[in-house]
Amino acid sequence: MIAYIGFACRILLAVVFLAAAVSKVRGRRARAEFRASLGAFGVSPRRRPAVAAAVITGELATAVLLVADVTALAGLAAGAALLAAFTMAIGAALRRGTPASCRCFGASAQPLGRRHLVRNAILLSVVALGVTGASPATALGAAGWDPAALLLSGFVAVLLAALVISYDDLVAAVLPR
């Protein structure tokens, strides 16, 4: 059972990181807006292209690593590192009172807030749960994966990923300013 939960965590995170990366590279304007948004996090104009490329590459690499069993732990570690870095950057911007919007999944009208720290804490919890399910102690052995359980796990993961990706809009609808 824990192996399927671990699999679902990996798929959820892979979809989230893939969506985040794609939203930043889906067009020239999206790339430029993402690079410009890095200024709110204290990144100098000269360093923004390199930082933007590193973030996007990290998100894509994490998504790819999460898919295969043999690279799952590396993907979970990369995801944890990215989420920790993002959380620290958001926290620093909030402490400075820097007005910024979240560009996690493309343009957003919602300014950065504690809800982004909560979202990242939830995702870090998903990483931790994924590590539990990806450890060698949870190997399924000779029995292998049950296709129906695997399909159900993947379906639930994609639905939950859609909620994470829509998090800003969902919170804004529930807790209007």
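Before going into details, it helps to say that this report is about the structure given with it. (Residues numbered from 1 in each chain as written. Predicted model: local features only at pLDDT ≥ 70, side-chain atom pairs only at ≥ 80, totals over all residues. Heavy atoms only, no water.)

### Side note on a nonpolar patch on the surface
Then comes step 1: On the surface, a cluster of nonpolar side chains totalling about 640 Å² of accessible area is made up of Leu152, Phe155, Val156, Leu159, Leu160, Leu163 and Leu170.
Then comes step 2: Of all the elements, helix α6 (residues 147–165) adds the most residues to the nonpolar patch, at 6 residues.
Then comes step 3: Mapping leucine 170 onto the fold places it in helix α7 (residues 167–174). (Patch = residues over 30% accessible without salt bridge, like charges linked within 9 Å, V, L, I, M, F, W, Y side chains within 5 Å. Areas by Shrake-Rupley, 256 points an atom, 1.4 Å probe, with all protein chains shown as cover. Salt bridge = Lys/Arg side-chain N within 4 Å of Asp/Glu carboxyl O. Helix = DSSP H or I, 4+ residues; strand = E, 2+ residues; numbered from the N terminus.)

### Thoughts on the packing of aromatic side chains
Geometrically, a pair of aromatic rings is defined through the distance of the ring centres and the angle of the planes.
Then comes step 1: In this structure the tally under the stated criterion is 0 aromatic pairs.
Then comes step 2: A cation sits over an aromatic face here: lysine 24 above phenylalanine 34, 5.2 Å from the ring centre. (Phe/Tyr/Trp six-rings, centres within 6.5 Å; stacked < 30°, edge-to-face > 60°. Lys NZ or Arg CZ within 6 Å of the ring centre and 35° of its normal.)

### Overview of the side chain of lysine 24
Then comes step 1: Along the polypeptide, lysine 24 turns up in helix α1 (residues 2–25).
Then comes step 2: Judged by relative accessible area, lysine 24 falls into the buried class, the value being 4%.
Then comes step 3: Among all residues touching lysine 24, those that are not within four sequence positions of it are Ala30, Arg31, Phe34, Val55, Ile56, Glu59, Arg103 and Cys104. (Buried < 20%, exposed > 50% of the residue type's maximum accessible area, 1.4 Å probe, protein only. Contact = heavy atoms within 4.5 Å.)

### So, the packing of α1 against helix α2 (residues 28–37)
Then comes step 1: Viewed as axis vectors pointing N to C, α1 and α2 meet at an angle of 105°, and their least axial separation amounts to 6 Å. Between α1 and α2, the angle falls in the class roughly perpendicular. Residues Ser23, Lys24 and Val25 of α1 pack against Ala30, Arg31 and Phe34 of α2.
Then comes step 2: Its residues assigned to classes, the contact of α1 with α2 comprises 3 nonpolar, 1 polar and 2 charged. (Axes fitted to C-alpha atoms, helices over the stretch in contact; angles between N-to-C directions. Parallel < 35°, antiparallel > 145°, perpendicular 65-115°, else oblique. Nonpolar A, V, L, I, M, F, W, Y, C, P; charged D, E, K, R; others polar.)

### Considering the nonpolar core
One recurring pattern in soluble globular proteins is that nonpolar side chains are buried together.
Then comes step 1: Of all hydrophobic cores here, the largest spans 20 residues; its most connected members are Leu12, Leu13, Val16, Phe17, Leu66 and Leu123.
Then comes step 2: Of all the elements in the fold, those that place two or more residues in this core are α1, α3 (48–67), α4 (72–96), α5 (114–134) and α6.
Then comes step 3: The leading source of residues in this core is α1, at 9 residues.
Then comes step 4: Excluding residues that lie within four positions of it along the chain, phenylalanine 17 makes contacts with Glu59, Thr62, Ala63, Leu66, Gly79, Leu82, Leu83 and Phe86.
Then comes step 5: Formed by 7 residues, the second largest nonpolar core is a distinct cluster that contains Ala21, Phe34, Leu38 and Ala52. (Core = buried A, V, L, I, M, F, W, Y, C linked by side-chain atoms within 4.5 Å.)

### Quick look at α6
Then comes step 1: Spanning 19 residues, α6 covers 27 Å between terminal C-alpha atoms, matching the ideal 27 Å at 1.5 Å per step.
Then comes step 2: Among the residues making up α6, those that are buried are Ser153, Gly154, Ala157, Ala161 and Val164. Looking straight down α6, one finds its buried side chains confined to an arc of 95°; they lie on one side. Among the exposed residues of α6, those pointing more than 90 degrees away from its buried face are Ala148, Leu151, Leu152 and Phe155. (Expected span 1.5 Å × (residues − 1). Arc of directions from axis to C-beta.)

### A look at the packing of α5 against α7
Then comes step 1: As a packed pair, α5 and α7 sit with axes 11 Å apart at the nearest point and diverge in direction by 130°. One element, α5, and the other, α7, form an angle in the oblique class. By crossing handedness, the relation of α5 to α7 is classed as right-handed. Each of Arg115, His116, Val118 and Arg119 in α5 lies in contact with α7, whose residues at this interface are Tyr167, Asp168 and Val171.
Then comes step 2: For the contact of α5 with α7, the per-class residue count stands at 3 nonpolar, 1 polar and 3 charged. (Left-handed = near helix turned anticlockwise from the far one by under 90°.)

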